[in-house]
Amino acid sequence: RPRALSGIQPTAGSFHLGNYLGAIRQYVALQETHDAFYMVVDLHAITVPQDPAELRANTRLAAAQLLAAGLDPARCTLFIQSHVPEHAQLGWVMNCLTGFGEASRMTQFKDKSARHGSDRTTVGLFTYPILQVADILLYQANSVPVGEDQRQHVELTRDLADRFNGRFGQTFTVPAPHIVKETGKIYDLQDPTIKMSKSASTPKGLISLLDEPKVSAKKIKSAVTDTATVIRYAPEEKPGVSNLLTIYSTLTGTSVGELEQKYEGKGYGALKTDLAEVMVEWVTPFRSRTQEYLDDPETLDSILAKGAEKARAVAAETLAQAYDKIGFLPAK
Ligand code: ATP
Ligand code: MG
């Protein structure tokens, strides 16, 4: 079986609709065809300040949401990044292979550091794409399910895998991004020209999956659309409506073409009312499944302990190979 690897940050507590449609849905699908490793990336979370108690609670909450969304511990390996120390260890090696200029070209860093200001931008935020390289290469992943915003980081991973293999001999599998065209970038409901984001969206622009369902319904109903009335998928011209059609289509399995027909001659109000209902029907069971995992922390922790053990076996083997190739003297 080919390998898949991906990670998600525990930063905001609740995942948002972009996380689910862009990434987590693909995690669920790839469990069936891949030897899949998924992790809650707490090391990445501390690139910006985190309250310790909140970070701990949000890490459990993230794992509970992944299970609620359909990850099955019998079909995939689910773990917490900091439980596998090899991530930080190979991360250092990758730091030493990356050019400063090369790292400076990462657009996520430019966006995020611009938002934080230079005094509040940590060196960790600068090097986090390089830690991500290590995350992926440790598992010899073939496929990396992510949203469009992560494409550049997977490209960097490919470059560094090639560089290491070229310099030291074949060691790492060169991975490919797995980005679904339709849902790779879900847009902010209030500003449909920017991506829905944990850190950049306003509350009204973001569907948090754990919000009260009626709050999410209200946000859908007040989503920004254009002043015309025709319901048509045209991302350039009509980004707001097109985003709603993508969300509707993906959550219900109805094609965008069928939706355009269904709403022919009807206004945006009808589309929004129906999508709000679809949203409520999706988030309601998701919330209760998440709560069930949170109510049973022993089961949750034991899933994560088993996951870490499986992940470590793979990661340790890869790290040992890399250390050997580099020329580190083995510890006796
Ligand atoms: P932040 O803004 O702090 O980076 P985020 O909203 O991007 O947070 P992450 O935990 O960084 O959330 O991303 C988890 C996964 O969700 C990644 O694979 C990312 O590409 C994907 N993703 C995030 N936002 C979207 C979106 N709007 N549309 C599609 N995929 C998304
Ligand atoms: Mg992100």
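If you're wondering where the values come from, they're calculated on a predicted model, not measured in any experiment.

Engineer: What am I meant to see in the layout of surface pockets here?
Structural biologist: Empty pockets left among the atoms are what a rolling probe the size of a water molecule brings to light. One number sums up the size of the largest pocket: a volume of about 1200 Å³. Around the largest pocket sit 50 residues that line it, and Gln 108, Lys 112, Asp 149, Gln 150 and Lys 195 are the ones nearest its centre. Put simply, the parts of the chain that give the lining of the largest pocket at least two residues each are strand 1 (3–8), helix 1 (17–30), helix 6 (107–116) and helix 7 (123–137). Broken down by element, the residue count for the lining of the largest pocket peaks at six residues, all from helix 6. When its residues are assigned to classes, the lining of the largest pocket shows 18 nonpolar, 22 polar and 10 charged.

Engineer: Is there a simple way to explain the packing of aromatic side chains in this structure?
Structural biologist: The geometry of an aromatic ring pair comes down to the distance between the two centres and the angle between the two planes. For the structure on display, the rule yields 11 aromatic pairs. Taking the centre distance of 4.4 Å and the plane angle of 40° together, the rings of Tyr 20 and Trp 282 count as tilted. Note that Tyr 20 is positioned in helix 1 and Trp 282 in helix 12 (residues 268–294), a separation of 262 residues in sequence. Centroid distance Phe 100 to Phe 126: 5.1 Å. Interplanar angle 40°. Geometry classified as tilted. Of this pair, Phe 100 sits in helix 5 (residues 100–104) while Phe 126 is found in helix 7, placing the two residues 26 residues apart along the sequence. Following the ring pairs from residue to residue traces out a cluster consisting of Tyr 20, Trp 282 and Phe 286.

Engineer: Looking at this structure, I do not really get the UniProt feature "binding site: L-tryptophan" (unreviewed entry) in the chain. What am I missing?
Structural biologist: UniProt's feature table lists "binding site: L-tryptophan" (unreviewed entry) at Asp 135, given in the numbering used throughout. Mapped onto the elements of the fold, Asp 135 is located in helix 7. Given the relative accessible area of 2%, Asp 135 is considered buried. Apart from residues lying up to four places away in sequence, Asp 135 is in contact with Leu 5, Met 39, His 44, Gln 81 and His 87.

Engineer: Just to check I follow, could you spell out helix 3 (residues 52–68) for this structure?
Structural biologist: A turn of α-helix holds 3.6 residues, and therefore any two residues three or four places apart point the same way. Counted at 1.5 Å a residue, the expected span for helix 3 with its 17 residues is 24 Å, and the 24 Å between its end C-alpha atoms agrees. Of the residues making up helix 3, those classed as buried are Leu 55, Asn 58, Thr 59, Leu 61, Ala 62, Ala 63, Ala 64, Gln 65, Leu 66, Leu 67 and Ala 68. Just past helix 3, the residue Gly 70 takes up positive phi, approximately 125°.

Engineer: Would you take a moment to explain the side chain of His 153 for this structure?
Structural biologist: Relative to the helices and strands, His 153 is located in helix 8 (residues 151–168). Here His 153 falls in the buried class, since its relative accessible area comes to 1%. When near neighbours in sequence (up to four residues on either side) are disregarded, His 153 contacts Met 106, Gln 108, Tyr 128, Pro 129 and Gln 132.

Engineer: Looking at this structure, how should I read the pairing of strand 2 (residues 35–40)?
Structural biologist: Two faces make up the sheet, and in a regular strand the side chains alternate between them. Counting buried residues along strand 2, five of its six residues qualify, which places the element largely inside the surrounding structure. Sheet topology note: the strand 1/strand 2 ladder contains six bridges and is parallel. When the bridges of strand 2 are listed, Ala 4 appears paired with Ala 36. Following the backbone out of strand 1, through helix 1 and into the adjacent parallel strand 2, one traces a crossover that is right-handed. Judged from the five bridges that link them, strand 2 and strand 3 (residues 76–80) form a sheet pairing that is parallel. Pairing of Tyr 38 across the sheet is with Leu 78, part of strand 3.

What counts as what
Residues numbered from 1 in each chain as written. Chains lettered and ligands numbered in written order. Predicted model: local features only at pLDDT ≥ 70, side-chain atom pairs only at ≥ 80, totals over all residues. Heavy atoms only, no water. 1 Å grid on protein atoms, 1.4 Å probe; cavity = no way out; pocket = protein on both sides within 12 Å on 5 of 7 lines; lining within 4 Å. Points joined across faces, edges and corners; volume = space filled by probe spheres on them. Helix = DSSP H or I, 4+ residues; strand = E, 2+ residues; numbered from the N terminus. Nonpolar A, V, L, I, M, F, W, Y, C, P; charged D, E, K, R; others polar. Phe/Tyr/Trp six-rings, centres within 6.5 Å; stacked < 30°, edge-to-face > 60°. UniProt positions renumbered as here; feature names shortened; annotations may be inferred. Buried < 20%, exposed > 50% of the residue type's maximum accessible area, 1.4 Å probe, protein only. Contact = heavy atoms within 4.5 Å. Expected span 1.5 Å × (residues − 1). Pairing = 2+ DSSP bridges. Right-handed = clockwise from strand over helix to strand, strands pointing away.

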